[in-house]
Amino acid sequence: VGEIVMDANIPNQRLELFGGIKDGLAVLSLIYGEEAIYIHTFKKIGEGRGIGRVIVNPILWKRNEEPSFAGEVKEMQGNKLRIELHVTKDHMRGHFRPDIASLLPGHKSIRTATVALGRFLNEDRSVDEQKMYLKKYSSVKFRSPVLPDQILETKVTMDEKLEEIVTGYAVQAVNGKESMDIRGMQVVKLKDNQNLSALLLDQLVEAAAQCVGMYVLESLTENVLPLFHSTGEAELYKNIDAGDNLLIKTENAKIIKMGSMNIFSADLEIVRGFVETIEENGEKLPKVTREEAVATIKNLQGLLLPKEEVLRKLSLDREDKYGKM
């Protein structure tokens, strides 16, 4: 699986799996573009529990080719800052299939807020957003979509600043309507001898959402799609590098009926698996022999909606394609 995922010349839907393991690349390609699929395989291992596998491949996700998320500073007063980012389709590239609408992905909204708060670590010069990363936050909630050609306004409030760490929170809005808020942020500046992680906390949140979505789809017979909208605490403990074998462990996954809506939630632990060749029954087989915790995400929640309704909302073929969502 690792060799297939790391090979840019092999199309995604080429995995033949066994033992109850699901091909995440094939399932998630229903709405995602290939550059936005993080969960490569998934297996349900019990009630409320499952494991998604990610082979870290920054070349596939092309994060280094994205346009800047820094935006233009409109106002800065003491510990408060307001920044505007003119959102283009290039900011959304690779998230949804090209035949359905582009929306700014939630994890890129988080990144925009991270860059904005990071300005307080570089007040006297232009911020290098590639040297900032989000180490943890206490909660995030998405309230409305961000579409192409809109202005994303980010208001950040700094609570505390140290030499290489700044804490605070951010509220984002488009056209005067709140689109996201993220609390308890801790943004860290890389040291000179550190390399930027190949996979950051914002992308791990997206990967976790896909992993929970795979569990939900495995557990239901209805023709639905899960839409992620919030999490509780999230924290990145260790740098994650190209080629790492990550296991995203879903725990306490459940579906709750609330009136006409179905809500799903789960807790997740992300570990780095160390794979060694083990001899079993005369065969040499790869096996994860040791695990190292790299991140946790608590209380990830979302909605379950009919597949046709989700695709209709995303479709560019509607007359009101930039209207109600």
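In this text the structure is predicted, and so the values were computed from the model without any measurement.

Now for helix α6 (residues 201–219). In an α-helix, one turn spans 3.6 residues; hence positions three or four apart end up facing the same way. With 19 residues, α6 ought to run about 27 Å at 1.5 Å a step, and its terminal C-alpha atoms sit 27 Å apart, in line with that. Among the 19 residues that make up α6, 16 are buried, leaving the element largely enclosed by the rest of the structure.

Below, the discussion takes up helix α5 (residues 106–118). Helix length check: α5 (13 residues) gives 18 Å between terminal C-alpha atoms against 18 Å at 1.5 Å per residue, within 8%. The buried count for α5 comes to 13 of 13 residues, which makes it a mostly enclosed element.

Here we take up the pattern of salt bridges. Scanning the model with the defined rule gives 16 salt bridges in all. Among the ionic pairs, Glu75 bridges to Arg82, the shortest N-O distance being 3.6 Å. A salt bridge links Glu153 to Arg82; its shortest N-O distance comes to 3.3 Å. One end of the pair, Glu153, is in strand β8 (residues 151–161); the other, Arg82, is in strand β5 (residues 80–86), and 71 residues separate them in sequence. In the salt-bridge network here, residues are joined through shared partners; they are Glu66, Lys108, Arg111 and Asp202.

Side chains Val140 and Phe142 project from strand β7 (residues 139–142) onto a buried face, and the interleaved Ser139 and Lys141 project onto a face without burial. Sheet topology places β7 next to strand β10 (residues 177–189); four bridges connect them, and they run antiparallel. Of the residues in β10, the one forming a bridge with Val140 is Ile182. Here β7 runs beside strand β11 (residues 224–231); their pairing, made up of two bridges, is antiparallel. Residue pairing across strands places Lys141 opposite Ser230, the latter belonging to β11.

So, about the packing of α5 against α6. In the contact formed by α5 and α6, the axes pass within 8 Å of each other and the chain directions differ by 160°. Compared by their axis directions, α5 and α6 come out roughly antiparallel. Where α5 crosses over α6, the two elements pack in a sense that is right-handed. Between α5 and α6, the residues in contact are His107, Ile110 and Arg111 and Asp202, Gln203 and Glu206, respectively. The residue makeup of the contact of α5 with α6, split by class, is one nonpolar, two polar and three charged.

What counts, and at which threshold
- Residues numbered from 1 in each chain as written.
- Predicted model: local features only at pLDDT ≥ 70, side-chain atom pairs only at ≥ 80, totals over all residues.
- Heavy atoms only, no water.
- Helix = DSSP H or I, 4+ residues; strand = E, 2+ residues; numbered from the N terminus.
- Expected span 1.5 Å × (residues − 1).
- Buried < 20%, exposed > 50% of the residue type's maximum accessible area, 1.4 Å probe, protein only.
- Salt bridge = Lys/Arg side-chain N within 4 Å of Asp/Glu carboxyl O.
- Pairing = 2+ DSSP bridges.
- Axes fitted to C-alpha atoms, helices over the stretch in contact; angles between N-to-C directions.
- Parallel < 35°, antiparallel > 145°, perpendicular 65-115°, else oblique.
- Left-handed = near helix turned anticlockwise from the far one by under 90°.
- Contact = heavy atoms within 4.5 Å.
- Nonpolar A, V, L, I, M, F, W, Y, C, P; charged D, E, K, R; others polar.

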